[in-house]
Amino acid sequence: VSPGTTPERFRAALAAGDLEACLHRLPLQTGDVVCVPAGSVHAILGGLVIAEIQQNSNTTYRVYDWGRVGDDGRPRPLHVDHALAVINFDQVEPGIARPEPAWQASGVAAETLCRTTRFVTERVRIGAGAGFAGACAGDTLEIWGAEAGDAWVEGGGVMEPLPAASFLLLPAAMGPYRVGCEAGATLLRTFLPEAVS
């Protein structure tokens with residue numbers, strides 16, 4: 001939200017059809033990262049392809065819909081009271097996250113994109129013919145996604161392809177695994193913060 005936005009001002013802007021006055025607009029470019037903690041009002045504008053990491057509740061409270069309608073031609077439901085109960089109005093004007101170097105190994109480098117109490121997301125760059133060896137030893141699952149390039153994940157006697165714009169969930173009981181590629185790949189890795197392999 002914009003500085004000075006209160007629940008009362010937010011509700012009034014909704015009623016007047018002028019919510020944009022309470023929102024912060026952030027221009028984005030390819031590769032940008034925005035960490036959006038729970039309780040943040042956010043909208044994804046046209047032209048963006050995003051990877052959104054969230055808890056499995058998948059709860060969304062819609063407060064404004066820019067005049068769009070559902071498949072039935074009617075306005076989609078709004079959840080204003082529910083949203084106002086959980087919006088954190090102290091989260092003002094988030095910015096683009098600055099990735100921080102995380103670790104490096106032979107032909108592989110990672111940077112931390114977002115670290116919260118619930119999850120960590122890293123961008124992992126794997127050079128041609130290189131690989132990453134990890135383990136899901138019961139303390140965390142992992143989610144791997146391919147931003148660019150074609151990779152694969154091997155574990156438990158199975159090899160799964162991981163082409164660009166796809167994701168794989170590695171279960172916590174998987175055990176050792178390896179991620180590799182032939183021609184180089186840029187990947188996203190998400191895991192629980194206590195479990196670092």
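Just above sits the structure.
Thresholds applied
- Residues numbered from 1 in each chain as written.
- Predicted model: local features only at pLDDT ≥ 70, side-chain atom pairs only at ≥ 80, totals over all residues.
- Heavy atoms only, no water.
- Pairing = 2+ DSSP bridges.
- Helix = DSSP H or I, 4+ residues; strand = E, 2+ residues; numbered from the N terminus.
- Axes fitted to C-alpha atoms, helices over the stretch in contact; angles between N-to-C directions.
- Core = buried A, V, L, I, M, F, W, Y, C linked by side-chain atoms within 4.5 Å.
- Buried < 20%, exposed > 50% of the residue type's maximum accessible area, 1.4 Å probe, protein only.
- Polar contact = N/O pair within 3.5 Å; in protein donor to acceptor, adjacent residues only side chain to side chain.
- Patch = residues over 30% accessible without salt bridge, like charges linked within 9 Å, V, L, I, M, F, W, Y side chains within 5 Å.
- Areas by Shrake-Rupley, 256 points an atom, 1.4 Å probe, with all protein chains shown as cover.
- Salt bridge = Lys/Arg side-chain N within 4 Å of Asp/Glu carboxyl O.
- Disulfide = S-S within 2.5 Å.

A. Region of interest: the sheet that holds strand 6 (residues 151–155). Reading across the sheet, the four strands line up as 4-9-6-7 and stay open at both edges, with antiparallel pairing between neighbours. The sheet terminates laterally at strand 4 (131–136) and strand 7 (158–162), the two strands that pair on one side only. The average angle at which neighbouring strand axes cross in this sheet is 20°, direction not considered. Judged from the five bridges that link them, strand 6 and strand 9 (residues 175–181) form a sheet pairing that is antiparallel. Bridge pairing in strand 9 places Gly155 opposite Tyr177.

B. Focus on the nonpolar core. Residues Ile126, Trp144, Leu162, Tyr177, Val179 and Leu187 are the most contacted members of the largest nonpolar core, which totals 19 residues. Residue assignment for this core shows that the elements contributing at least two residues are strand 2 (108–115), strand 3 (120–126), strand 4, strand 5 (142–148), strand 6, strand 8 (167–170), strand 9 and strand 10 (185–191). Considering each element in turn, this core owes the most residues, three residues, to strand 9.

C. Fine view of the side chain of Glu142. Inspection of the secondary structure assignment puts Glu142 in strand 5. In terms of polar contacts, Glu142 uses its side chain to reach the side chain of Tyr177, at 2.6 Å.

D. Looking closely at a nonpolar patch on the surface. On the surface, a cluster of nonpolar side chains totalling about 480 Å² of accessible area is made up of Leu28, Ile44, Leu45, Leu48, Ile50 and Ile96. Looking at where Leu45 falls in the secondary structure, it is placed in the loop between helix 1 (7–16) and helix 2 (80–86).

E. Main features of the state of the cysteines. Taken as a whole and judged by the stated rule, the model has one disulfide. Not engaged in a disulfide, the cysteine Cys136 finds its nearest cysteine sulfur in Cys181; these two sulfurs lie 19 Å apart. Exposure remark for Cys136: the relative accessible area of 1% places this residue in the buried category.

F. Expanded view of the pattern of salt bridges. Counting across every chain of the model gives eight salt bridges. Note that Arg11 and Asp81 form a salt bridge whose closest N and O atoms lie 2.9 Å from each other. A residue pair is termed long-range when its members are at least 10 positions apart, and Arg11 in helix 1 and Asp81 in helix 2 qualify at 70 residues. The class of Arg11 is partly exposed, set by a relative accessible area of 40%. Among the salt bridges present, the one from Arg76 reaches Asp65, with a minimum N-O distance of 2.8 Å. Taken together, the residues span a long stretch of sequence, with Arg76 in the loop between helix 1 and helix 2 and Asp65 in the loop between helix 1 and helix 2 at a distance of eleven residues. One continuous salt-bridge network, built from bridges that share partners, spans Glu111, Arg123, Arg125 and Glu147.

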